[in-house]
Amino acid sequence: MKIVLQNLTKKFPSRNRKSREDVIAVGDFTFEIPDGMLVGLLGPSGCGKSTTLNLICGLIKPTSGKIFFGDNDVTELPPENRGVGMVFQNYALYPHLTVKQNILFPLQNLKGKDKLSKSEMENRTLEAAHLVQIDELMERKPSELSGGQQQRVAIARALVKMPHVLLLDEPLSNLDARLRLQTREEIRKIQRKTKITTVFVTHDQEEAMSISDIIVVMKDGIVQQIGKPQEVYDSPVNLFVAKFLGTPPINVFHGRVKDNTLYLGDSPVLAAEGVADQEVTVGIRPEGFVLQEKGPLCCKLVQVEVMGRDISIVSTHEAFDGTAVRSIVDAENSLHAAGEYVHFALKPKKVLIFNKETEERIYL
């Protein structure tokens, strides 16, 4: 099912007595989610991603704009008639019901032409449980399940209705790191198997990038950038997106361009053909550093952290906007990471230049 958001806006009344201006939770959001895709809504807390999900679901109504499922305008349609399955952050399982009864519950509430026979409900329930691999847990209560198992029950309950759209609101945030990794792989596998159009809300950029076909980066209710995860990572449109994506985060420096050359401090580090002379903000991805005995960027070495295949070099530089520069290099090149100072050459594609005032990207 294709989803089209057309100039979608949601405003809430201000609670600030001094300012009566409405709070814009989602501002003029226009986007088409292709049929069968998994789209990640990504951004910090309060950016509007969960509000967007609730607008799609129908739990809240937009202030303005339209929502289409396929060619049908569902903007005014109540949630129960939208054919949507939703998985919440807290799972919201019924504690007094077994796993089987929890999954079965949505089917028991179907009425009219959608009403199913007992055998049909039974088959659907077993199919959904098998899909998320909880066949052997059907007679247990939620209190007898692990966090990951509860999550699977919640997903099965959402899938049993055979929804046109699956909405996931921070579904992994209550799980530990290893279980989170395993469960997100399962979600991706289930989504590919069912081919249900899925919208996945998270503040964890690694989570979003690993399973999404497309990511939407949001800030203060406004969409900053939409694209394939790797494309957004490699070519962010502004400093916010560049800083939000990446682990470890991008290294940010105060720089300047003079005579088609980029300077960090007094050191000319890279050619900047076609860029006007100006003060700039420079972002360098951790993997954008190359250890080089006479490299143009000289940093004061703090420590070397061995991470097996790679090493992380922690250093400082006068132009750095923060406490320490973090560079990820191949462990085989660690011979140059000794002494008081360390020298780097830079990979041009990993160096991003931004306007100092607007923070918009300046393309080389």
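Residues numbered from 1 in each chain as written. Predicted model: local features only at pLDDT ≥ 70, side-chain atom pairs only at ≥ 80, totals over all residues. Heavy atoms only, no water.

**Some thoughts on the overall build of the chain**
1) Next: Secondary structure summary: the chain contains 8 helices and 21 strands in total.
2) Next: With the principal axes as the frame, the chain shows a C-alpha extent of 75 × 50 × 40 Å.
3) Next: Among the 364 residues that make up the chain, the fraction classed as buried is 48%.
4) Next: Relative to all contacts within the chain whose residues are 6 or more apart in sequence, the contacts with residues 24 or more apart total 65%.
5) Next: Carbon together with sulfur atoms contributes 49% to the accessible area of the chain, which is approximately 18,400 Å² in total. (Helix = DSSP H or I, 4+ residues; strand = E, 2+ residues; numbered from the N terminus. Buried < 20%, exposed > 50% of the residue type's maximum accessible area, 1.4 Å probe, protein only. Contact = heavy atoms within 4.5 Å. Areas by Shrake-Rupley, 256 points an atom, 1.4 Å probe, with all protein chains shown as cover.)

**Regarding the pattern of salt bridges**
1) Next: Scanning the model with the defined rule gives 9 salt bridges in all.
2) Next: For the salt bridge of Lys61 with Glu76, the shortest nitrogen-to-oxygen distance reads 3.7 Å. Remark: Glu76 occurs in the loop between strand 5 (72-73) and strand 6 (84-87) and Lys61 occurs in the loop between helix 1 (49-57) and strand 4 (64-69); sequence separation between them is 15 residues.
3) Next: Given the relative accessible area of 60%, Glu76 is considered exposed.
4) Next: In this structure, a network of salt bridges that share partners links the residues Asp234, Glu287 and Lys350. (Salt bridge = Lys/Arg side-chain N within 4 Å of Asp/Glu carboxyl O.)

**Focus: the sheet that holds strand 6**
1) Next: If you walk across this open sheet you meet the 6 strands as 6-7-8-3-9-10, and the pairing is mixed. Across the chains shown, the open sheet's two edge strands, defined by having one partner strand only, are strand 6 and strand 10 (222-227). Direction aside, the axes of adjacent strands within the sheet are offset by 15° on average.
2) Next: As paired elements, strand 3 (residues 38-42) and strand 9 (residues 214-219) share 4 bridges and run parallel to each other. Within strand 9, the residue paired with Gly40 across the bridge is Ile215. (Pairing = 2+ DSSP bridges. Axes fitted to C-alpha atoms, helices over the stretch in contact; angles between N-to-C directions.)

**Topic: the packing of helix 4 (residues 147-159) against helix 5 (residues 177-194)**
Helix-helix packing: each pair is described by the crossing angle between the helix axes and the interaxial distance.
1) Next: Taken N-terminus to C-terminus, the directions of helix 4 and helix 5 make an angle of 20°; their axes are 10 Å apart at the nearest point. In terms of orientation, helix 4 lies roughly parallel with respect to helix 5. The handedness of the crossing between helix 4 and helix 5 comes out as right-handed. In this structure, helix 4 uses Gly147, Gly148, Gln151, Arg152, Ile155 and Leu159 to contact helix 5, whose residues at the interface are Leu179, Gln182, Thr183, Glu186, Ile187 and Ile190.
2) Next: Taken together, the residues that form the contact of helix 4 with helix 5 break down as 5 nonpolar, 5 polar and 2 charged. (Parallel < 35°, antiparallel > 145°, perpendicular 65-115°, else oblique. Left-handed = near helix turned anticlockwise from the far one by under 90°. Nonpolar A, V, L, I, M, F, W, Y, C, P; charged D, E, K, R; others polar.)

**Things to note about the packing of helix 2 (residues 99-108) against helix 4**
1) Next: Contact geometry of helix 2 with helix 4 gives a least axis separation of 7 Å together with a crossing angle of 30°. With respect to helix 4, the element helix 2 is oriented roughly parallel. The handedness of the crossing between helix 2 and helix 4 comes out as right-handed. Where helix 2 abuts helix 4, its residues Val99, Asn102, Ile103 and Pro106 lie against Val153, Ala156 and Arg157.
2) Next: In terms of residue class, the contact of helix 2 with helix 4 is made up of 5 nonpolar, 1 polar and 1 charged.

**Description of the sheet that holds strand 5**
1) Next: An order of 2-1-4-5 is seen for the 4 strands of this open sheet, with the pairing classed as antiparallel. Each edge of the open sheet is held by one strand with a lone partner, namely strand 2 (23-33) and strand 5.
2) Next: Direction of pairing for strand 1 (residues 3-12) relative to strand 4: antiparallel, over a ladder of 5 bridges. The partner of Gln6 across the bridge, within strand 4, is Lys66.

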